[in-house]
Amino acid sequence: MPQIFPRVWRYAYSLSGTRDGADDLAQAACLRAMERARQFQAGTHLDRWVFRITRNLWVSELRKAQVRKQGGLSVVDAEEIADPGQNPERDYDRREVLKAVLDLPEAQRETVFLVYIEGYSYKEAAELLEIPLATVMSRLATARGRLSQKFRDQEGVSDAK
């Protein structure tokens, strides 16, 4: 479990939008996985199994707290994500992209994370999310369009200055 915990935490962060939320969700998912270790099928992918547990816990929490009715997820402070080892321009660009991704609707954000951050194939993401492959493709296309438009709009504003 220790080898996949950082990935589970990143996934939990993409769902919860906060470091504290990610800590709690990742810990709960790992605890649930350990409690239900007998349910894990040998020869299958441990990471996918724990990601599914993480997602199910998150959905349960959303239902309990009725977050969807209250306007969605909390805003993430991109300053928390800065990597001090990078140069300032690249770090700024990275934060801007991350902020834009975190501003996507939850379904798109989650799909973008699984495919572009975790490197799952479209088919694997569809299996993890328990949705059709066409839905994964649609979410990614829509997310790319939104991100592209957002950065085109920002470029137009900076060109106008």
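Because the structure is predicted, anything quoted here is derived from the model rather than measured.

## Looking at the packing of helix α1 (residues 5–16) against helix α5 (residues 106–117)
Running from N to C, α1 and α5 point in directions that differ by 150 degrees, and their axes come no closer than 9 Å. Relative to α5, the element α1 is oriented roughly antiparallel. The two elements α1 and α5 meet at a crossing, and its hand is right-handed. Each of Arg7, Arg10, Tyr11, Ser14 and Leu15 in α1 lies in contact with α5, whose residues at this interface are Arg109, Glu110, Phe113, Leu114 and Ile117.

## A look at the confidence of the model for the protein chain
Predicted coordinates in areas of low pLDDT are best not read in detail. With 77% of its residues at a pLDDT of at least 70, the protein chain reaches an overall mean of 80. Note that pLDDT drops below 50 for residues 72–84; the model gives that stretch 30 contacts with residues more than four away or on any other chain.

## Considerations on the pattern of salt bridges
Evaluation of the coordinates by the stated rule reveals eight salt bridges. Residue Lys99 is joined to Glu96 by a salt bridge in which the shortest nitrogen-to-oxygen separation is 3.2 Å. Residue Lys99 and its partner Glu96 are both found in helix α4 (residues 88–102); the two are separated by three residues, about one turn of the helix. Lys99 gets classed as partly exposed once you look at its relative accessible area, which sits at 35%. Looking at Glu96, the relative accessible area reads 15%, which means it is buried.

So, how was this worked out
- Residues numbered from 1 in each chain as written.
- Predicted model: local features only at pLDDT ≥ 70, side-chain atom pairs only at ≥ 80, totals over all residues.
- Heavy atoms only, no water.
- Axes fitted to C-alpha atoms, helices over the stretch in contact; angles between N-to-C directions.
- Helix = DSSP H or I, 4+ residues; strand = E, 2+ residues; numbered from the N terminus.
- Parallel < 35°, antiparallel > 145°, perpendicular 65-115°, else oblique.
- Left-handed = near helix turned anticlockwise from the far one by under 90°.
- Contact = heavy atoms within 4.5 Å.
- pLDDT = per-residue confidence, 0-100.
- Salt bridge = Lys/Arg side-chain N within 4 Å of Asp/Glu carboxyl O.
- Buried < 20%, exposed > 50% of the residue type's maximum accessible area, 1.4 Å probe, protein only.

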